[in-house]
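# Structure assessment
Each chain, letter by letter, is given below.
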Amino acid sequence: MTEVAQTFIRHFLNIPIMITSWFIFFFAFDTSFLISSALAIGIYFISNFSIKKLQQRRIMKKHQLTVSEYFHIQKQLKEANVKIRTLNSLYLKVRSISSFKQLFEMTRLAKRIISLVKANPKKFYHAENFFYAHLDSAVELTSKYTLLVSQPIKNNDMKIALQDTRDTLQAINSKMEEDLKDVLATDIEHLKMELDFAKLSVGKKEQPLYLKGESENDRKTIEYK
């Protein structure tokens, strides 16, 4: 379940709780409108906090994560989203179609990895290099590249530096592709196992009913009888 879906569920549950509690405070306990509203809002926040904690506990239990592991991964995801926004802000600063495509591919890979880790926090451990090194390098080098490429003066040294940066960014793209493959590795293995099981099941269903070792004539004799 995505974070957006979890937030929607919390609001879907908490709004009726808040409204019901307001009616209880206002009519049953005969409190004033302002006090009833304040208490209802307080119950809303308490209920929202409690349900959020239950959702987090459920995710930790499902993916067999400790509390510290879960919150560390969530912190890394938040920081990664900030870095993605930085990359998105650089689109208008690149000066060539090839650089734009390179940045687009880099951002696409990064978003895909983050999305997979959000869906399954356990996959974070298959993409630690991405979170701790590759994404940081991508943001830093892209920022420096857009700064240099925007300068009006470009001597030979700057041209060499720009080309080296483009080559390094392409290498980082390749590393991100490997990171994505690592994140998807367990899913591919599970898919292969499911396919093997499905093929085995289909093979059993299609197995002839006659006993192994019977000859064709024996089967025909049985059919004529």
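Structure: see above.
Residues numbered from 1 in each chain as written. Predicted model: local features only at pLDDT ≥ 70, side-chain atom pairs only at ≥ 80, totals over all residues. Heavy atoms only, no water.

All right, on to helix α5 (residues 128–149) then. When the terminal C-alpha atoms of α5 are compared, their 31 Å separation across 22 residues agrees well with the 32 Å that a helix rising 1.5 Å per residue should span. Within α5 the residues assigned to the buried category are F130, F131, H134, L135, A138, V139, T142, Y145, T146 and V149. (Helix = DSSP H or I, 4+ residues; strand = E, 2+ residues; numbered from the N terminus. Expected span 1.5 Å × (residues − 1). Buried < 20%, exposed > 50% of the residue type's maximum accessible area, 1.4 Å probe, protein only.)

Before going further, it helps to spend a moment on the side chain of D179. As for its placement among the helices and strands, D179 is situated in helix α6 (residues 156–205). Comment: no salt bridge for buried D179; closest opposite-charge side chain is K175, at 7.8 Å. When near neighbours in sequence (up to four residues on either side) are disregarded, D179 contacts I113, H126, N129, F130 and H134. (Lys, Arg positive; Asp, Glu negative; His and termini not counted. Salt bridge = Lys/Arg side-chain N within 4 Å of Asp/Glu carboxyl O. Contact = heavy atoms within 4.5 Å.)

Turning our eyes to something else, we now look at the environment of R85. As for its placement among the helices and strands, R85 is situated in helix α3 (residues 67–88). Separated by 22 residues in sequence, R85 and T107 have C-alpha atoms that sit 9.4 Å apart.

Further remarks concern the packing of α3 against α5. Running from amino to carboxyl end, α3 crosses α5 at an angle of 20°, the nearest separation of the two axes being 10 Å. The pairing of α3 with α5 is recorded here as roughly parallel in orientation. Here the hand of the crossing between α3 and α5 comes out left-handed. Touching H72, Q76, L77, A80, K83, I84, T86 and L87 of α3 are F131, Y132, L135, D136, A138, V139, T142 and S143, all from α5. Residue classes in the contact of α3 with α5 are distributed as nine nonpolar, five polar and two charged. (Axes fitted to C-alpha atoms, helices over the stretch in contact; angles between N-to-C directions. Parallel < 35°, antiparallel > 145°, perpendicular 65-115°, else oblique. Left-handed = near helix turned anticlockwise from the far one by under 90°. Nonpolar A, V, L, I, M, F, W, Y, C, P; charged D, E, K, R; others polar.)

Looking at where E140 falls in the secondary structure, it is placed in helix α5. A relative accessible area of 46% places E140 in the partly exposed class. Separated by 53 residues in sequence, E140 and L87 place their C-alpha atoms 9.4 Å apart.

A word on unusual backbone geometry. Even without being a glycine, D30 presents a positive backbone phi close to 55°. Positionally, D30 belongs in the loop between α1 (3–28) and α2 (33–62). Judged by relative accessible area, D30 falls into the exposed class, the value being 66%.

This brings us to the environment of K159. Mapped onto the secondary structure, K159 falls in helix α6. Among the residues examined, K159 registers a relative accessible area of 49% and is labelled partly exposed. The spacing of K159 and V149 is 10 residues in sequence and 9.0 Å in space, taken between C-alpha atoms.

What follows is about α1. Taking 1.5 Å of rise per residue, 26 residues should cover 38 Å, and α1 covers 36 Å from first to last C-alpha, within 8% of that figure. Those residues of α1 lying buried are Q6, R10, N14, S21, W22 and F25. In this structure, the buried residues of α1 make contact with α2. Just beyond α1, the residue with positive phi is D30, at close to 55°.

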